[in-house]
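# Residue-level structure breakdown
For reference, the chains in residue letters:
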Amino acid sequence: IGYLVYPAKKGTQKVNYIPWYDVILMFLGSGSFFYYTFDAMTVIKQGRNFETYQIIIGAIGILCLFELCRRCVGLPILCVATAFIVYALGWGLPNPDIFRRIETLVSQLFYSTTAGILSTPINTCAKFIAIFIIFGAFLERTGIADFFIKIANSVVGGFSGGPAKVAVVASAMEGMVSGSSVANTVGSGSVTIPLMKKTGYKPEFAAAAEASASTGGQIMPPIMGAAAFLMAENIGVPYSNIVVRAILPAALYFLGVFITVHLEAKKEGLRGLTKEELPKFLPLLKQSYLLLPLIILIALVGSGSRSIAYAAAIAIISTIVVGLFNKENRISFKRIFESLAAGGQGMITVAVA
């Protein structure tokens, strides 16, 4: 899916066209991991005695994953990984034979389930993060992002520098369901950045305010970024405890951004939105039923009576039910498939990283 979605070079993607080299990488990469999947018990029983062809398969899988990571995550994480691999091959592994060192490295990276690619982080992604990303995709299809922006506009839009404050408040609310800074920026930024520029903010400040506010999306409970799930898994603390402990730092983070935006607005003498531009608060309350899936999720996670994955699955079902009552963004079979597709696409960058 990663090779289908992310081209080798940005701006070169054509509709319904896959370059021949992407097809090769797609089959080689997925084939390497499928080999391990279907032959897992044999590989586990082998211990550390790997055949040459198995090391080649592992090396192909790692290199294909490297290239996909470059495409969808970026170079910085690859620079860090490469530095460690070079260190391992040059100094970290004791065997003087370079081929033996490569064999040891590949077996540790590819075939180890305790220290390699298929260790705790990817397990956590498969068990918990994936279903929360799908839940966020379903919630977006109900129109909840638009609801958050309207609520934020109604509450703080009329104050000095209102649109920037809307960006902060909307990002905080949207962060509760996305757990992603990128999704947050795309969701609210397309509305708030033009509004900020319209009321007198410099373009670079408008972009910076939205980016800063949206970054808090990954630390805003109840759905936080991948790190929160890894924390819960690694230190053996229930996810509900992580959620509770994240409330104060998340609130302080958004308060800090809000104050900065307020001071900038006062310094530049910027106005808020006019009364005509502000949405009415009371009519918006009629759409508050859109928050029901989020409330159900918080209740189930907070009670600890069910697993995180179960709570998210129930929340997804409740989102579909709630979406049936929303005339403007009614959930249909097409939207259900769109949500699943968006969830699958959203998982790529997290899983690959």
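Residues numbered from 1 in each chain as written. Predicted model: local features only at pLDDT ≥ 70, side-chain atom pairs only at ≥ 80, totals over all residues. Heavy atoms only, no water.

## Notes on the overall build of the protein
- Helix and strand counts for the protein stand at 17 helices and zero strands.
- Over its C-alpha atoms, taken along the principal directions, the protein stretches across nearly 75 × 45 × 45 Å.
- Within the protein, the proportion of its 353 residues that are buried is 42%.
- Contacts in the protein between residues far apart in sequence, at least 24 positions, make up 72% of those at least 6 positions apart. (Helix = DSSP H or I, 4+ residues; strand = E, 2+ residues; numbered from the N terminus. Buried < 20%, exposed > 50% of the residue type's maximum accessible area, 1.4 Å probe, protein only. Contact = heavy atoms within 4.5 Å.)

## Brief notes about unusual backbone geometry
- A cis amide bond links P221 with the next residue in sequence, P222, at an omega value of 5°.
- Positionally, P222 belongs in the loop between α11 (203-215) and α12 (226-235).
- Unlike most non-glycine residues, N16 shows phi in positive territory, near 55°.
- Relative to the elements of secondary structure, N16 occurs in the loop between α1 (2-5) and α2 (20-38).
- We classify N16 as exposed; its relative accessible area is 82%.

## Looking at helix α8 (residues 144-156)
- Its 13 residues place the ends of α8 18 Å apart at the C-alpha level, agreeing with the 18 Å of an ideal helix rising 1.5 Å per residue.
- Most of α8 is tucked away: 10 of the 13 residues are buried.
- Buried within α8 are the following residues: I144, A145, F147, F148, I149, I151, A152, N153, S154 and V156. (Expected span 1.5 Å × (residues − 1).)

## Considerations on α11
- Helix length check: α11 (13 residues) gives 18 Å between terminal C-alpha atoms against 18 Å at 1.5 Å per residue, within 8%.
- Those residues of α11 not exposed but buried are F205, A206, A209, E210, A213 and S214. All buried residues of α11 project into a common sector of 160° when viewed along the axis, lining one side. (Arc of directions from axis to C-beta.)

## A look at the pattern of salt bridges
- A full pass over the atoms with the stated rule returns four salt bridges.
- A salt bridge links R71 to E67; the shortest N-O distance between them is 2.8 Å. Separated by four residues within a single helix, R71 and E67 lie in helix α4 (residues 52-72), roughly one turn from each other.
- Take R71: its relative accessible area is 8%, and that puts it in the buried class.
- Between E103 and R100 there is a salt bridge, with its nearest N and O atoms 3.0 Å apart. Highlighted residues: E103 and R100, both in helix α6 (residues 98-111), separated by three residues, approximately one helical turn.
- Salt bridges linked by common partners bring D22, E67, R70 and R71 together as one network. (Salt bridge = Lys/Arg side-chain N within 4 Å of Asp/Glu carboxyl O.)

## Regarding a nonpolar patch on the surface
- Nonpolar side chains collect at one region of the surface, where L248, L252, L255, I259 and L263 lie side by side and expose about 500 Å² of accessible area between them.
- Relative to the assigned elements, L252 resides in helix α13 (residues 239-268). (Patch = residues over 30% accessible without salt bridge, like charges linked within 9 Å, V, L, I, M, F, W, Y side chains within 5 Å. Areas by Shrake-Rupley, 256 points an atom, 1.4 Å probe, with all protein chains shown as cover.)

## Observations regarding the nonpolar core
- Core analysis: the biggest nonpolar cluster contains 62 residues, and F132, F135, Y201, Y239, V261 and L297 have the highest contact counts within it.
- Secondary-structure elements contributing two or more residues to this core are α7 (120-141), α8, α9 (162-178), α11, α12, α13, α15 (292-303) and α16 (308-323).
- Top element by residues in this core is α7. It accounts for 10 residues. (Core = buried A, V, L, I, M, F, W, Y, C linked by side-chain atoms within 4.5 Å.)

## Section: the environment of G31
- Structurally, G31 is set in helix α2.
- For G31, a relative accessible area of 32% gives the class partly exposed.
- For the pair G31 and I57, spaced 26 residues apart in sequence, the C-alpha separation works out to 8.6 Å.

## Focus: the packing of aromatic side chains
- Enumeration over the complete set of coordinates arrives at 11 aromatic pairs.
- A ring pair is formed by W20 and Y21, whose centres lie 5.6 Å apart and whose planes are at 80°; its orientation type is edge-to-face.
- Take W20: its relative accessible area is 62%, and that puts it in the exposed class.
- Overall, Y21 belongs to the partly exposed group, its relative accessible area being 35%.
- Taken together, a centroid distance of 5.7 Å and an interplanar angle of 90° make the contact between Y253 and F254 edge-to-face.
- Of the residues examined, F254 reaches a relative accessible area of 7% and is grouped as buried. (Phe/Tyr/Trp six-rings, centres within 6.5 Å; stacked < 30°, edge-to-face > 60°.)

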